[in-house]
Amino acid sequence: MATVDPDEARRLLERELQRSEYDGAHVTWWDRLSRGFFDWLGSLRPDGLGSPAFGRTLLVVAVVVLVAVVVIVVVARGLPRRRARLRADRVGGVLDDDDLRSAAEIAAAARTALGAGDWSAAVLEGYRALARGLGERDLVPDVPGATAQAIAGRAAVVFPDALHALHAAAATFDGTRYLGDEPDEHAARQVVETEQTVRAARPARTTTPAVPA
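Residues numbered from 1 in each chain as written. Predicted model: local features only at pLDDT ≥ 70, side-chain atom pairs only at ≥ 80, totals over all residues. Heavy atoms only, no water.

A few words on the overall build of the chain. Counting its regular elements, the chain contains 8 helices and 0 strands. Moving toward the C terminus, one meets the helices and strands of the chain in the order α-α-α-α-α-α-α-α. Expressed as a percentage of the 213 residues in the chain, the buried residues total 27%. Considering only contacts in the chain between residues 6 or more positions apart, those separated by 24 or more positions represent 66%. (Helix = DSSP H or I, 4+ residues; strand = E, 2+ residues; numbered from the N terminus. Buried < 20%, exposed > 50% of the residue type's maximum accessible area, 1.4 Å probe, protein only. Contact = heavy atoms within 4.5 Å.)

Right, let's talk about helix α5 (residues 119-136) for a bit. Between the first and last C-alpha of α5 there are 25 Å, a value that for 18 residues agrees with the 26 Å anticipated at 1.5 Å per step. Counting buried positions along α5 yields 13 of 18 residues, so the element is predominantly enclosed. Trailing α5 by a residue or two, Asp138 shows a phi angle of about 55°, which is positive. (Expected span 1.5 Å × (residues − 1).)

What follows is about the packing of aromatic side chains. Enumeration according to the criterion identifies 2 aromatic pairs in this entry. For the pair Tyr127 and Phe173, a centre-to-centre distance of 5.4 Å together with 35° between the ring planes defines the contact as tilted. Of the two residues, Tyr127 sits in helix α5 while Phe173 sits in helix α7 (residues 163-178), which places them 46 residues apart along the sequence. Between Phe173 and Tyr178 the ring centres are 6.5 Å apart and the planes differ by 70°, which places this aromatic pair in the edge-to-face class. Residue classification places Phe173 among the buried positions, given a relative accessible area of 0%. Classification of Tyr178 as buried rests on a relative accessible area of 13%. (Phe/Tyr/Trp six-rings, centres within 6.5 Å; stacked < 30°, edge-to-face > 60°.)

Next up on the list: the nonpolar core. One finds Tyr127, Leu134, Phe159, Leu166 and Val198 to be the most contacted residues of the largest nonpolar core, which totals 34 residues. Mapped by element, the contributors of at least two residues to this core are α4 (103-115), α5, α6 (148-158), α7 and α8 (185-200). With 8 residues, α5 is the largest single contributor of residues to this core. (Core = buried A, V, L, I, M, F, W, Y, C linked by side-chain atoms within 4.5 Å.)

This paragraph deals with the packing of α5 against α6. Between α5 and α6, the shortest axis-to-axis distance is 11 Å and the interhelical angle comes to 50°. Looking at the two axes, α5 sits oblique to α6. As for how α5 packs across α6, the hand of that crossing is left-handed. Within the contact between the two elements, α5 uses Tyr127, Ala131 and Leu134 and α6 uses Ala148, Ile151, Ala152 and Ala155. Its residues assigned to classes, the contact of α5 with α6 comprises 7 nonpolar, no polar and no charged. (Axes fitted to C-alpha atoms, helices over the stretch in contact; angles between N-to-C directions. Parallel < 35°, antiparallel > 145°, perpendicular 65-115°, else oblique. Left-handed = near helix turned anticlockwise from the far one by under 90°. Nonpolar A, V, L, I, M, F, W, Y, C, P; charged D, E, K, R; others polar.)

Overall, the predicted model of the chain reaches an average pLDDT of 75, with 51% of residues at or above 70. Across the chain, element-level confidence peaks in α8 with a mean pLDDT of 95 and bottoms out in helix α3 (residues 52-89) with 57. Between residues 81-91, whose pLDDT stays under 50, and residues either more than four places distant or in other chains, the model counts 5 contacts. (pLDDT = per-residue confidence, 0-100.)

Following this line, the structure appears as structure tokens:
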């Protein structure tokens, strides 16, 4: 029987293993990944998976994952409230410092915007006309930086029948100017009609000051 030197034997073996019958025996990426993972687990201590060190490590990992989940949930639930607070903080005055138009001029601009279908402009100009008109009639002092809700609250003292309409118009103004809301025709007409109603109404006699002390 002829002898085969080691190099020739290795070549014959490699050639044999390259045949299709042995494809299922090749090491796959999953084999390497799982072997590496279990090698890492076994390296935690010489006695591997059954060691107390492994149990403690697994407990620490579980705690870290649980804390991470809690943090994610808290942050996710808290962000809408934080955004709402930030939006509320951006609410400013109704009239710009350089807006010197009369109430009649602003009201005309509101009606023009309403007729053109520009609901946002109609809302903004309508409420500005309301605020400027109250100041011109000395019913609500023209306080610099007064917010829409503050003006509505002061106007309701002398126009109690319009209380709900005033606060609704103020909310629409704030939503349009500061929160990016897109008012519809109904909301725009409500603001413009509230300005017209207040302008035509006779203020009530009251001993309550328009601006609380």
